[in-house]
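Take a look at the letters that make up each chain.
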Amino acid sequence: MIMMKDVYKKYPNGVVAANGINVEIARGEFVYVVGPSGAGKSTFIKMMYREESPTKGDIIINGINLATLRNKRVPYLRRQIGVVFQDFKLLPKLNVYENVAFALEVIEESPKQIRKKVNDVLALVGLTQKARMFPNELSGGEQQRVSIARSIVNVPKVVIADEPTGNLDPDTSWEIMKIFEQINARGTTIVMATHNKEIVNTIRHRVIVVDGGMITRDEYEGVYDYEG
Amino acid sequence: MKGYTIMKARTMGRHLRESLKSLGRNSWMTFASVSAVTVTLLLVGVFIVIMMNLNQLADNLENDVEIKVITEPAADAEAVKILEKQVRETSGVSEVIHATKDEELDKMIKSFGDELNLYKQSNPLGDAFYVKAADPQKTAEVAEEIATYDNTDQVVYGEGKIEKLFNVLNMSRNIGMVLILALLFTAMFLISNTIRLTIVARGREIEIMKLVGATNSFVRIPFVLEGVWLGVLGAIIPMVVISVSYYELYSQWQPRLQNELFQLLNATPFILQVNGLLLFMGVFIGVWGSFMSVRKFLRA
Ligand SMILES: Nc1ncnc2c1ncn2[C@@H]1O[C@H](COP(=O)(O)OP(=O)(O)OP(=O)(O)O)[C@@H](O)[C@H]1O
Ligand SMILES: [Mg+2]
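Values in this document were obtained by computation on a predicted structure and should not be read as measured data.

Criteria and thresholds
Residues numbered from 1 in each chain as written. Chains lettered and ligands numbered in written order. Predicted model: local features only at pLDDT ≥ 70, side-chain atom pairs only at ≥ 80, totals over all residues. Heavy atoms only, no water. Helix = DSSP H or I, 4+ residues; strand = E, 2+ residues; numbered from the N terminus. Rg over C-alpha atoms; globule rule 2.2 N^0.38 Å. Buried < 20%, exposed > 50% of the residue type's maximum accessible area, 1.4 Å probe, protein only. Contact = heavy atoms within 4.5 Å. Areas by Shrake-Rupley, 256 points an atom, 1.4 Å probe, with all protein chains shown as cover. Lys, Arg positive; Asp, Glu negative; His and termini not counted. Charge placed at Lys NZ, Arg CZ, Asp CG, Glu CD. Buried area = accessible area lost by both parts, 1.4 Å probe. Salt bridge = Lys/Arg side-chain N within 4 Å of Asp/Glu carboxyl O. Polar contact = N/O pair within 3.5 Å; in protein donor to acceptor, adjacent residues only side chain to side chain. Near = heavy atom within 4 Å. Nonpolar A, V, L, I, M, F, W, Y, C, P; charged D, E, K, R; others polar. Domains from an automatic or database assignment. Pairing = 2+ DSSP bridges. Axes fitted to C-alpha atoms, helices over the stretch in contact; angles between N-to-C directions. Core = buried A, V, L, I, M, F, W, Y, C linked by side-chain atoms within 4.5 Å. Patch = residues over 30% accessible without salt bridge, like charges linked within 9 Å, V, L, I, M, F, W, Y side chains within 5 Å. Parallel < 35°, antiparallel > 145°, perpendicular 65-115°, else oblique. Left-handed = near helix turned anticlockwise from the far one by under 90°.

**Describing the overall build of chain B**
So, point 1. In terms of regular secondary structure, chain B is built from 9 helices and 4 strands.
So, point 2. In summary, chain B has a C-alpha radius of gyration of 31 Å against a globular reference of 19 Å for 300 residues, an excess of more than 25%.
So, point 3. Taken along the three principal axes of its C-alpha coordinates, chain B extends 95 × 45 × 40 Å.
So, point 4. Looking at the 300 residues of chain B, the share that counts as buried comes to 43%.
So, point 5. When contacts within chain B are restricted to residue pairs at least 6 apart in sequence, those whose partners lie at least 24 apart make up 84%.
So, point 6. Accessible area for chain B stands at about 17,000 Å²; split by element, carbon and sulfur atoms hold 62% of it.
So, point 7. For chain B, the distance from the average position of its 29 positive side-chain charges to the average position of its 31 negative side-chain charges is 26 Å.

See below:
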């Protein structure tokens, strides 16, 4: 599903954020990416949806080699990947339904399909009742649920999340994790960068530890043993 | 599906809505850009009307001149007579005046001075025929025909008469071009800045579009359309003003110019052509202006 081979990333300012990463993630896996701040977790994630390109090495996602993928084809890669962020990235002038529908409108999905898919996914994240509300009328957890709904509305094969619970209180974080578990249960691969020790140690999954741009540990049913 | 797709009506509708919304959002910049386009195109319009009419005047002048046929100085009287007959019988010739080589020399002495008197001993000139074409438009044709005859030394027409006009024409054209180019760039710059504001205002939206896999053209089209609107809006006033004033000018003046060399271009096709050009330029400025911003701020 996801494969990185000798991936090396040097930013223009000279910082090396990935220094020889080799990893393989199978279809349907749930993977935590942990590590200290500045370790290169976000860089790892960004390279998967071609927000950043590796300086060297190959990244293959769902059979697409990102190293040779032409810029013009990047949109079609992104349609196969759902991305969730710490800061939700919702459009304040659109209501919940419209925020989710937006993701399908801009890839020119038919109105009939949009209605069906949006309603399905809002039901999945438990926001059917709040479909007409605007982001500023929602709690942080609810906003993150909208953002997750948007990321999966096009039924991607992979969802990658960069600290999705970073802005949420513990109770709300658990709710969000429940949704990710559900999505994963449907067979969607999930890669999640996180600092949340409690979650990583409670909902056990594969843990990849990144430090200084390298994978220092990679364990199934791993634990989080970093401070910070 | 490769390379291009036929755009769905629904998508086009969405792009149109988005682009029109942006016009309202940056109303001040919209106003400034549209005004700049308006001023530019007004000047372009006036300039074109003047230049095209002067060009036509130059054409008319060029065609209205007589042809001077100089015979071979060595040709004898018999040969000159044959040539004169040939010239008179050329189709399209309405009038031929024969000047002998002595008359020609007298003319030269009059304009260049008595020093030339010494040539009276052995006149180096040839006889000359002054020929007028029945249809002034055919002057060049007639001249070419005559030039093929035996014993013609030179066949010239329009000598110097229109050079002055052309000089004036060229100079005003150059000045006008520089002025218009400067205005054109100002208008493009303003449009490009307006579009930039829109791009900044819609930064979050663009970010998400790209994140969920909207194609580059899908992201860009609304901005290009916004540029098109700015250009088209800017073209409206110039089109109306030029059309109305030229039509007025034409109906007021053309009857009085009946038998003059200077004729105004016919109102009907001309006004349409100028309008077409102004609209095209408006759209061009708009599209170009938005491309400048889109290229800079919407890198893939
Ligand atoms: N766009 C960029 N340009 C230059 N340097 C960058 C850029 N993005 C990240 N870096 C640097 O690369 C290194 C890794 O950053 P990254 O964001 O991947 O870390 P992280 O593990 O996500 O950290 P955090 O846990 O704080 O989010 C850091 O030293 C950071 O300063
Ligand atoms: Mg990070």
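**Details of the interface of chain B and chain A**
So, point 1. Listed by partner, the interface residues are 19 residues for chain B and 23 residues for chain A.
So, point 2. Roughly 1,900 Å² of surface becomes buried between chain B and chain A when both sides are summed, with 57% attributable to carbon and sulfur atoms.
So, point 3. Applying the counting rule to chain B against chain A returns 2 salt bridges.
So, point 4. Note that Arg14 of chain B is salt-bridged to Glu105 of chain A, the shortest N-O span being 2.8 Å.
So, point 5. Joining chain B to chain A, the criterion identifies 6 residue pairs in polar contact (both at pLDDT 80 or more).
So, point 6. Mapped onto the side of chain B that touches chain A, the elements with two or more residues apiece are α1 (9-25), α7 (203-211) and α8 (216-253) of chain B.
So, point 7. At 7 residues, α7 of chain B tops the list of elements feeding residues into the side of chain B that touches chain A.

**Remarks on the site of ligand 1**
Residue and element names in this part refer to chain A.
So, point 1. Ser37, Lys41, Ser42, Thr43 and His195 are the nearest of the 14 residues found near ligand 1.
So, point 2. Interatomic distance of 2.8 Å between a backbone N/O atom of Gly38 and an oxygen atom of ligand 1.
So, point 3. With respect to ligand 1, the side chain of Thr43 contributes an N or O atom lying 2.6 Å from an oxygen atom.
So, point 4. Summarising the interface, the protein chains cover 66% of the accessible area of ligand 1, which totals 630 Å² for the free molecule.
So, point 5. Element by element, the count of residues in the shell around ligand 1 is highest for helix α1 (residues 41-48), at 3 residues.
So, point 6. Of the residues that constitute the shell around ligand 1, the class distribution is 5 nonpolar, 7 polar and 2 charged.

**Regarding the domain arrangement of chain B**
So, point 1. Segmenting chain B into domains produces domain 1 (9-61 + 165-298) and domain 2 (66-157).
So, point 2. Placing a centre on the C-alpha atoms of domain 1 of chain B and another on those of domain 2 of chain B gives a separation of 52 Å.

**Considerations on the sheet that holds strand β1 (residues 67-71) of chain B**
Residues and elements named next belong to chain B.
So, point 1. Here 4 strands make up an open sheet; going across it, the order is β2-β3-β1-β4 and the pairing antiparallel. Edge positions in the sheet fall to β2 (93-99) and β4 (152-157), since each has one partner strand and no second. For this sheet, the mean angle separating the axes of adjacent strands, direction not counted, is 20 degrees.
So, point 2. As judged from the 5 bridges shared by β1 and β4, these two strands associate in the antiparallel manner. Following the sheet pairing, Ile67 is matched in β4 by Tyr157.

**Side note on the sheet that holds strand β2 (residues 16-25) of chain A**
Residues and elements named next belong to chain A.
So, point 1. Taken together, the 4 strands give an open sheet; going across it, the order is β2-β1-β4-β5, and neighbouring strands pair in antiparallel fashion. Each edge of the open sheet carries a strand with a single partner, namely β2 and β5 (64-65).
So, point 2. In terms of strand pairing, strand β4 (residues 56-61) meets β5 through 2 bridges, oriented antiparallel. Among the inter-strand pairings, Ile61 is bridged to a residue of β5, identified as Ile64.
So, point 3. Relative to strand β1 (residues 2-10), α1 is tilted by about 120 degrees, and along the sheet it contacts β1, β2 and β4.

**With respect to the environment of Met239 of chain B**
So, point 1. Along the chain, the position of Met239 of chain B falls in helix α8.
So, point 2. Discounting residues that sit within four places of it in the chain, Met239 of chain B has contacts with Asn275, Leu278 and Leu279 of chain B.

**Structural notes on the nonpolar core**
So, point 1. Core analysis: the biggest nonpolar cluster contains 90 residues, and Tyr32, Val118, Leu122 and Phe180 of chain A together with Tyr246 of chain B have the highest contact counts within it.
So, point 2. Residue contributions to this core peak at 10 residues, all from helix α2 (residues 27-64) of chain B.
So, point 3. Among residues more than four places away in sequence, those in contact with Tyr246 of chain B are Val49, Asn53, Leu264, Leu265, Ala267, Phe270 and Ile271 of chain B.
So, point 4. By size, the runner-up hydrophobic cluster in this structure holds 32 residues, among which are Ile2, Val33, Tyr49 and Val74 of chain A.

**Considering a nonpolar patch on the surface**
Residues and elements named next belong to chain B.
So, point 1. A cluster of nonpolar side chains, namely Leu233, Ile236, Ile237, Val240, Val241 and Val244, defines an oily patch on the protein surface of about 480 Å² accessible area.
So, point 2. In this fold, Val240 is placed in helix α8.
So, point 3. Its relative accessible area of 48% is what places Val240 among the partly exposed residues.

**Some thoughts on the packing of helix α5 (residues 140-152) of chain A against helix α6 (residues 170-185) of chain A**
Residue and element names in this part refer to chain A.
So, point 1. For the pair α5 and α6, the least separation of the axes is 10 Å and the interaxial angle reads 15 degrees. Between α5 and α6, the angle falls in the class roughly parallel. Note on packing geometry: the crossing formed by α5 with α6 is right-handed. Within the contact between the two elements, α5 uses Gly141, Gln144, Arg145, Ile148 and Ile152 and α6 uses Thr172, Glu175, Ile176, Ile179, Phe180 and Ile183.
So, point 2. Taken together, the residues of the contact of α5 with α6 break down into 6 nonpolar, 3 polar and 2 charged.

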